[in-house]
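# Coordinate inspection notes
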Amino acid sequence: MKLYCLSGHPTLPCNVLKFKSTTIMLDCGLDTTSVLNFLPLPLVHSSRLSKLPGWVSKDGTVNLEKRELLDLSTIDVILISNYHCMMALPYITEHTGFTGTVYATEPTLQIGRLLMEELVNFMERVPKAQSATCWKNKEIQRILPGPLKDAVDVWTWKRCYSMQEVNSALSKVQLVGYSQKVELFGAVQVSPLSSGYSLGSSNWIIQSHHEKVSYVSGSSLLTTHPQPMDQSSLKNSDVLILTGLTQMPTANPDGMLGEFCSNLAMTIRAGGNVLVPCYSSGVIYDLLECLYQFIESASLGTTPFYFISPVANSSLEFSQIFAEWLCHNKQTKVYLPEPPFPHAELIQTNKLKHYPSIHGDFSSEFRQPCVVFTGHPSLRFGDVVHFMELWGKSSLNTIIFTEPDFSYLDALAPYQPLAMKCVYCPIDTRLNFHQVSKLLKEIQPLHVVCPEQYTQPPVSQSHRSDLMLELQPPPMPYRRCSVLNLPFRRRYERVYILPELANSLVPSEIKPGISVATVSAVLHSKDNKHTLQSVPKPPPVPPSKKRKRVMEEPPVVLVPKPLLSGAVPLEAFLATLQKHGITEVKVEETADGHILHLQAEDTLIQLEEDGTHIVCDNNEPLRTTLRDLVLRFLQKL
């Protein structure tokens, strides 16, 4: 069993597991932090950004090297744990020769589609007049200004996919429900479990009849809107692959929500606007629910809240219709009937309005001071770029970062000098090190595999041993482009026996409650299922065929040797030897049994737990006699 590690980002994993002749990709997260190396894409002309000088290559075309750890066309299935971990799917399904199946829950598929559609929309509505690739050459890259000159593997950076590629990729997704068992080629079964992190988010069980691998990615034990995490089904795992822990282990989500609300209220009371760069699904549901409870007490009832995204309407609607994927409290509201999320009431009372972009109705209905939720959290594309240009020059305004995926200082770099206030309230509900250590003690996997970042404290806090995994035995770490041989071997395989063959067996009891029988059969294997069938009888010789005068050799019939079981009792065996005239016997005790030295006969007999050996040179009659004496004490099967 091997694990190929294709991603160096622990919260955006992409691993490939080879298990029992199947090749399974575990997630395909898209690391978009490379966009921080580029200038923002404004929706309207920005004189400030347009005046920045460009960098021009003097070189011609470039041949890019290609490094492959694994042939992605050999992947049989892709298992998706949550919608953030499927954003690279079109690159894999559409450009590698992939012919397999993708498995995901329905909310993961539908919200993942929205996030991809939003990304494509952000990119395509601001087309670039020119494109450049020569700078990716290593010789050119090293003379670029930092941090581009230090960026790793820039030749792997790709243009954004199209909606045609998105639709083609998602057509390969097969929907599954929690605890549903899906058989892969008769070799293994895979089953998703609720991970408690987001709508439809899953951990995965991958098991055969005798081995079990658990894949834990992006899980949460906090009580938020998704179904709670299924922990019990992870028990008795031979190997547990752990990824997707919190990126903010020292930030308490509840405390961050409190800071978010208080900073928002202070800005609005001072007459300023609040900008919240965020994804169109996920934490925004919790932010809106928190604000719903906070608005009246903070006297913000007249403040407009705007959610701007090409998929804003679909996101808000999907969150209300996936009732069976929500926690129990929100499920019960559906049957009252009430909307499970309070943002439905905010929309009905016109306190929350949503728009596909800043153009159209928004421009005519927009009023300040207000709160705007929009993307992208990187501040490099999307409607957020317009608001940064609009509000960045006033110290009355505040930008509040809640998404932990990007360094907020790097995100703000192109907008400096910046007058607006900046507040960092990263909300990450995924497992922290204390929670995952407690979880692992409860489910007790034999082996844990995790990114190497989890086996050592953060560089900035090297004294914090509580910000790492300390397990016994120590976890197996992996890094990008590494291949691990997972630390267990398959020992058993399930074999079925046909009824007519089973009826012919004659079991012999070797100890109370345990019987064995010898069997001669043909092993038939197909689709990773193994069956014992009766040995076919040779076809009869046609009666019309006369026997040839020349004597033919008779067919060889293989008769299986009988199997022996039992133990040779030392005292009884010595008494039997004495009855047959063998009296000079020296007994030596060993770690595995006894050695009998027949001194007069110059012969050794080794009596061990799993075998008996007779060492007798040039005396075949004596060896045969001793063999027969040993056989008296053993059962033949």
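Worth saying up front: this structure is predicted, and the values here are computed from it rather than measured. For every chain, the first residue of its written sequence is number 1, and the numbers climb from 1 along that sequence. Restriction of local features to residues with pLDDT of at least 70 applies here, the model being predicted, together with a cutoff of 80 or more for giving and counting side-chain atom pairs; totals for whole chains, interfaces and linings are based on all residues. Each side-chain value is worked out from all heavy atoms of the structure, with water and hydrogens disregarded.

## Focus on the overall build of the protein
Applied cut-off: Numbering of helices and strands runs from the N terminus, with a helix taken as a DSSP run of H or I at least four residues long and a strand as a DSSP run of E at least two residues long. Radius of gyration: C-alpha atoms only; globule rule: 2.2 Å multiplied by the number of residues to the exponent 0.38. In what follows, a contact means two residues having at least one pair of non-hydrogen atoms within 4.5 Å. Only the protein chains shown count as cover for residues, and the accessible areas themselves come from Shrake-Rupley with a 1.4 Å probe.
Looking only at helices and strands, one finds 17 helices and 31 strands in the protein. The C-alpha atoms of the protein give a radius of gyration of 35 Å, which is well past the 26 Å a tight globule of 637 residues would have. Within the protein, contacts between residues separated by at least 24 positions form 70% of all contacts whose residues are at least 6 apart in sequence. For the protein, the exposed area adds up to about 33,700 Å²; of that, 52% sits on carbon and sulfur atoms.

## Observations concerning the packing of helix 6 (residues 253-269) against helix 7 (residues 283-294)
To describe two helices that pack against each other, one gives the angle between their axes and the distance between the axes. The test is simple: Note on method: axes are straight lines fitted to C-alpha atoms, helices fitted across the in-contact stretch only, with angles between N-to-C directions ranging 0 to 180 degrees. Convention used here: angles under 35 degrees read as roughly parallel, angles over 145 as roughly antiparallel, angles from 65 to 115 as roughly perpendicular, and any remaining angle as oblique. Working rule for handedness: look at the near helix, and if it is turned counterclockwise from the far one by less than a right angle, call the crossing left-handed; if clockwise, right-handed. Residues were grouped as follows: Ala, Val, Leu, Ile, Met, Phe, Trp, Tyr, Cys and Pro as nonpolar; Asp, Glu, Lys and Arg as charged; and all remaining residues, including Gly, as polar.
Two elements in contact, helix 6 and helix 7, have axes whose closest approach is 11 Å; the angle formed by their N-to-C orientations is 60°. Classified by the angle their axes make, helix 6 and helix 7 are oblique. You can see that helix 6 and helix 7 cross each other, and the crossing is right-handed. Along the contact surface, helix 6 presents Leu257, Phe260, Cys261, Ser262, Leu264 and Ala265, while helix 7 presents Leu287, Cys290, Leu291 and Phe294. Residue composition of the contact of helix 6 with helix 7, by class: 9 nonpolar, 1 polar and no charged.

## A closer look at unusual backbone geometry
Backbone torsion omega between Gln416 and Pro417 reads 0°, so that peptide bond is classified as cis. Backbone geometry places Ser21, a non-glycine residue, at a positive phi of 65°. Of note, Ser21 is situated in the loop between strand 2 (15-19) and strand 3 (22-26). The phi dihedral of Asn350 is positive, around 65°, even though this residue is not glycine. On the secondary structure map, Asn350 appears in the loop between helix 10 (343-348) and strand 14 (352-355).

## A look at the side chain of Thr531
Residue position: Thr531 is located in strand 25 (residues 529-534). Discounting chain neighbours no more than four positions away, the residues touching Thr531 are Val495, Tyr496, Leu498, Val522, Leu523 and His524.

## Some remarks on helix 5 (residues 163-170)
Rules: The cut-offs for exposure are 20% and 50% of the maximum accessible area for each residue type, with area from a 1.4 Å probe on protein chains only; residues under the lower value are buried, those over the upper are exposed, and the others partly exposed. Comment: arc refers to directions from the helix axis out to C-beta atoms.
The complete set of buried residues in helix 5 reads Val166, Ala169 and Leu170. Taken end-on, helix 5 shows its buried residues confined to a sector of 90°, consistent with a single buried face. The inward-facing, buried residues of helix 5 contact helix 2 (89-95), helix 3 (106-124) and strand 6 (173-175).

## Considerations on the packing of helix 3 against helix 5
At a minimum axis separation of 10 Å, helix 3 and helix 5 run at an interaxial angle of 165°. In terms of orientation, helix 3 lies roughly antiparallel with respect to helix 5. Like other packed secondary-structure pairs, helix 3 and helix 5 cross with a definite hand, here right-handed. Seen from helix 3, the contacting residues are Leu109, Arg113, Met116, Glu117, Val120 and Glu124; seen from helix 5, they are Met163, Val166, Asn167 and Leu170. Looking at the contact of helix 3 with helix 5 residue by residue, the class counts come to 6 nonpolar, 1 polar and 3 charged.

## Points about helix 12 (residues 384-391)
Within helix 12, 6 of the 8 residues are buried, which leaves the element mostly enclosed by the surrounding structure. What helix 12 keeps buried is the set Val384, Val385, Phe387, Met388, Glu389 and Trp391.

## Brief notes about the domain arrangement of the protein
Keep this limit in mind: Throughout the structure description, domain borders are defined by an automatic or database domain assignment. Buried surface area refers to the total accessible area, computed with a probe of radius 1.4 Å, that the two partners give up upon joining, counted for both partners together.
Assigned domains within the protein: domain 1 (2-245 + 432-485), domain 2 (253-424) and domain 3 (564-636). Taking the mean C-alpha position of each, domain 1 and domain 2 sit 26 Å from one another. Facing 40 residues of domain 1, the contacting portion of domain 2 comprises 44 residues. Carbon and sulfur atoms make up 69% of the area that domain 1 and domain 2 hide from each other, which totals about 3,500 Å².

## Some thoughts on the sheet that holds strand 4 (residues 77-79)
The condition is simple: In this description, strands pair whenever DSSP reports at least two bridges between them.
Strands sit in the order 6-5-4-3-2-1-20 across an open sheet of 7 strands; the sheet is mixed. Where the open sheet ends on each side, the last strands, each with one partner, are strand 6 and strand 20 (483-485). Mean inter-strand twist for the sheet, computed between neighbouring axes without regard to direction, equals 25°. Direction of pairing for strand 1 (residues 2-5) relative to strand 2: antiparallel, over a ladder of 4 bridges. Note that in strand 2 the partner of Cys5 across the bridge is Asn15.

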